[in-house]
Amino acid sequence: MNFKIENNFINITNYPSIEDHFEKMAREGWLITKIIMGSIFIYKKINPEELDFSIMPYEIETAFTRKSKEDLEEFQSVCERVGWNYATKTYNLHIYFKEAGSQAEKISTDEETEFSNLEFIGKRQLKSLYIQTPFLLLFSWFILGGLFGNIYTMKDAVSQIVAPIIPFAIILSLSTIVHIRKFLKINKENIKLGKEIEFSKSSFYIEKTSFFLFFIIIFLLVIYFIYSIFFLRNKFTLLYSSLILIGLIVGSLYRIFVKPSKISRNYKIIGFFLTLGLASILAIGVGRFGITNLLYGVEDPDIDGYKVISSNDFRDQVMEKTGDLMEKRSILIPKSYEYTSFDKRDRYVRTEYGDALNENLAENLLDNYLRQAKNSLGGHLQQVRESFQEGVYDEELSEIGITKEEFQDLKEKDVKEAVDESEKIMKEKWIKKDTNNLWRLEEVYFLNYKNDEIVIKNGKEVFYLEGKDFTNPEIIEITKDKLEL
C-alpha cells in the first residue's frame, strides 16, 4: 500500500513529541501528508530517510475571522525560503520538514513569543470548550435519558448509533479543558522564570479512543442515511439530510467568503448573524415544504407483506387506496414501520408496528405507548380547568370521560383539587386493560375514552392502532386477521 492511516493525537500541548514521532515514521519510510481533526494521521510511502520536522503554531481561524489563502501561502513561502518544506497542517499547527543535517534557519520563534501564540490559541479553545461542554451534557440527557424511555428513540437508529460516543465526547471535552488549563498555568510560570516551555508527555488514550469512535460512528451514520433514503425510502431521513446539507452549504459559504474578507470584525459579526438567519429561513422553508408533503402528499404504497390495517379492510366496497408507509430500522427495534390509510372523507386508520430485539424491549415499548397516552391527557386539562373556574359543565367534557354527575360532585372543591381528581377519572376511563378479553390476547390496552386507540403486545411484536372502535367484535376479528394475531 502507498499510504498508511494511524490513530494518534496532536494539539498545542504535545506537538514537540509528535515531531519526534514523524521523524521516526520517516525513517521507516512514511511521510505525513494529512491530519484529520488532530487524530487521524495519513502517511504516504517514501524511501526511508532521515528528516527533521518542525511544527509551528500559527492561528488560522477564529469564530469570525480566517486567514485568506494568500496569507497562508505567504506564511508557507517564508518557511520554504529558509529551507523548510510544507507537509500539512491541523487546526492552528503547521508541519514542516527538511533533510536531516541540511542548512536551514529555525522557523520556531523564541520561547516567550511561542508561548504567547500558544496562550492565545489555547484560551480561544477553552472558550469553545466551555460553550460546547454544557451542550454535550444537555444532548446526553435527551439522547441517553430517552433511549429506552421514548418511542421515537427506541425506533430511531441515529439516536442509538450516536449514543455510545456521547460519554466519550463529554470526557474528551473535560480532559481537554484540564490539559490546556494545566499547560497554560505551568508555562506561564515557566516563562516568568525564564525556563523552557514544558510540553505534555501524556499518551492521550482518551482522546485517541474518542476520536476513533467518532469516525466509526460518522461512517455508520452515512451508511444508515444511504440505506434509509434509497432502500427504506424514508422521507423523514431525506428531510433531515436536506436540512443538514443546507446548514453545511451556508456555513461553508460564510467560512469561504466572509471570514477571510478584509471587512471589519463588526461587519463579519453582522455577516455571521445574516448567514445564520439565511440558513434558518431555508431550513424552515424546506422543513415546512417537506412536512407538508409528508403529511398530505399521500401515495399508494404496496402493503403486501406488512402487518397493517387499511380503510378498505372495513368496507364492503373497495375504494381507491391512499396512504403513507414509512419504514425504520434500529438496534433495539430491528424492524418497524408506520402506515396511515386515508379515505375520501379525510378519515384515517393508522398502524405502528415494531418487532423488538427481545420480549423485554417489547415490554418497554408497550410501556412507552402507555406513558404517551397518559401524557396526552394533559392537552385536555385546560378545558377541564376552565369549566371548573366558570362553574359550568361543558358538554364536550363528556367526550373526554367526565360526566355531568362527576362534574357536579367535584364542582364545590378547590379548582386545582377538582382538576386533579378529574385527571384521575380520565386516566381510569382512558387507559385500561382489555379485562373483558375482547381480543383474547395477553396484553391489550385501550388508550382513550372513545376506544379508537389501542396498543397490543404479542411476543416481541408491538402494534399501535388508531381510527376505529376497537371494542367492536367485527372490527376486532378483521384486525386480528390482518395483523396475523
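One can find the structure itself at the top, above this paragraph.
What this report covers is the structure whose coordinates are included nearby.

Definitions and limits used
- Residues numbered from 1 in each chain as written.
- Predicted model: local features only at pLDDT ≥ 70, side-chain atom pairs only at ≥ 80, totals over all residues.
- Heavy atoms only, no water.
- Helix = DSSP H or I, 4+ residues; strand = E, 2+ residues; numbered from the N terminus.
- Rg over C-alpha atoms; globule rule 2.2 N^0.38 Å.
- Buried < 20%, exposed > 50% of the residue type's maximum accessible area, 1.4 Å probe, protein only.
- Contact = heavy atoms within 4.5 Å.
- Areas by Shrake-Rupley, 256 points an atom, 1.4 Å probe, with all protein chains shown as cover.
- Axes fitted to C-alpha atoms, helices over the stretch in contact; angles between N-to-C directions.
- Left-handed = near helix turned anticlockwise from the far one by under 90°.
- Nonpolar A, V, L, I, M, F, W, Y, C, P; charged D, E, K, R; others polar.
- Pairing = 2+ DSSP bridges.
- Salt bridge = Lys/Arg side-chain N within 4 Å of Asp/Glu carboxyl O.
- Patch = residues over 30% accessible without salt bridge, like charges linked within 9 Å, V, L, I, M, F, W, Y side chains within 5 Å.

## Thoughts on the overall build of the protein
Link 1 in the chain: Across its full length, the protein holds 14 helices and 13 strands.
Link 2 in the chain: Taken over C-alpha atoms, the radius of gyration comes to 31 Å for the protein, far larger than the 23 Å a tight globule of 485 residues would show.
Link 3 in the chain: Taken along its principal axes, the extent of the C-alpha atoms in the protein is 95 × 55 × 40 Å.
Link 4 in the chain: Across the 485 residues that make up the protein, the buried fraction comes to 43%.
Link 5 in the chain: Look at the contacts in the protein between residues 6 or more apart in sequence, and 60% of them connect residues 24 or more apart.
Link 6 in the chain: If you sum the accessible surface of the protein, you get close to 27100 Å²; carbon and sulfur atoms cover 56% of it.

## Quick word on the packing of helix H6 (residues 165-192) against helix H7 (residues 205-230)
Two quantities define a packed helix pair, namely the angle between the helix axes and the distance between the axes.
Link 1 in the chain: It is the contact of H6 with H7, at a shortest axis distance of 9 Å, that shows an interaxial angle of 145 degrees. Crossing handedness for the pair H6 and H7: left-handed. Between H6 and H7, the residues in contact are Ile165, Phe168, Ile171, Leu172, Ser175, Thr176 and His179 and Ile206, Glu207, Thr209, Ser210, Phe211, Leu213, Phe214 and Ile217, respectively.
Link 2 in the chain: Its residues assigned to classes, the contact of H6 with H7 comprises 9 nonpolar, 5 polar and 1 charged.

## Re the sheet that holds strand S5 (residues 85-90)
Link 1 in the chain: Overall, antiparallel pairing links the 3 strands, which are arranged S4-S6-S5 in an open sheet. If you trace the sheet from one side to the other, it starts and ends with strand S4 (51-57) and S5, each paired once. On average, each strand axis in the sheet is inclined to that of its neighbour by 25 degrees, with strand direction left out of account.
Link 2 in the chain: Helix H2 (residues 69-81) contacts S4, S5 and strand S6 (93-99) of the sheet and is inclined by roughly 30 degrees relative to S6.

## Focus: the pattern of salt bridges
Link 1 in the chain: Scanning all chains against the criterion turns up 19 salt bridges.
Link 2 in the chain: Here Glu119 and Lys123 are joined by a salt bridge, their closest N and O atoms 3.6 Å apart. Here Glu119 and its partner Lys123 are both found in helix H3 (residues 111-146), 4 residues apart, which amounts to about one turn of the helix.
Link 3 in the chain: The partly exposed category is assigned to Lys123, whose relative accessible area is 43%.
Link 4 in the chain: For Glu443, the salt bridge is made with Lys457, and the minimal N-O distance between the two is 3.8 Å. Taken together, the positions of Glu443 in strand S11 (residues 443-446) and Lys457 in strand S12 (residues 453-458) put the pair 14 residues apart, joining distant regions of the chain.
Link 5 in the chain: Under the relative-accessibility criterion, Glu443 is labelled buried at 10%.

## Regarding unusual backbone geometry
Link 1 in the chain: Here the phi dihedral of Phe204 falls at roughly 55 degrees; this positive angle occurs in a residue that is not glycine.
Link 2 in the chain: One non-glycine residue, Glu484, lies in positive phi territory at about 60 degrees.
Link 3 in the chain: Note that Glu484 resides in the segment after helix H14 (473-483).
Link 4 in the chain: With relative accessibility at 58%, the residue Glu484 sits in the exposed group.

## So, the pairing of strand S13 (residues 461-466)
Link 1 in the chain: When you tally the buried positions in S13, you get 6 out of 6 residues, the bulk of the element.
Link 2 in the chain: Of the two faces of S13, the one holding Glu461, Phe463 and Leu465 and the one holding Val462, Tyr464 and Glu466 are both buried throughout.
Link 3 in the chain: Two elements, strand S9 (residues 348-355) and S13, share 6 bridges in a ladder whose sense is antiparallel. Bridging from a neighbouring strand, Gly354 pairs with Val462 of S13.
Link 4 in the chain: Pairing between S12 and S13: 6 bridges, direction antiparallel. Within S13, the position partnered with Ile454 by the bridge is Leu465.
Link 5 in the chain: Counting the residues in the hairpin turn of S12 and S13 gives 2 residues, including Gly459, whose phi is positive at 65 degrees.

## A few points about a nonpolar patch on the surface
Link 1 in the chain: Together, Ile36, Met37, Tyr91, Phe214, Ile218, Val222, Ile226, Tyr227, Phe230 and Phe231 make up a nonpolar patch on the protein surface, roughly 940 Å² of accessible area in all.
Link 2 in the chain: Top element by residues in the nonpolar patch is H7. It accounts for 6 residues.
Link 3 in the chain: Within the element layout of this structure, Met37 appears in the loop between strand S2 (30-36) and strand S3 (40-45).

## Side note on the environment of Ile216
Link 1 in the chain: Residue placement: Ile216 occurs in helix H7.
Link 2 in the chain: For the pair Ile216 and Ile165, spaced 51 residues apart in sequence, the C-alpha to C-alpha distance is 9.8 Å.

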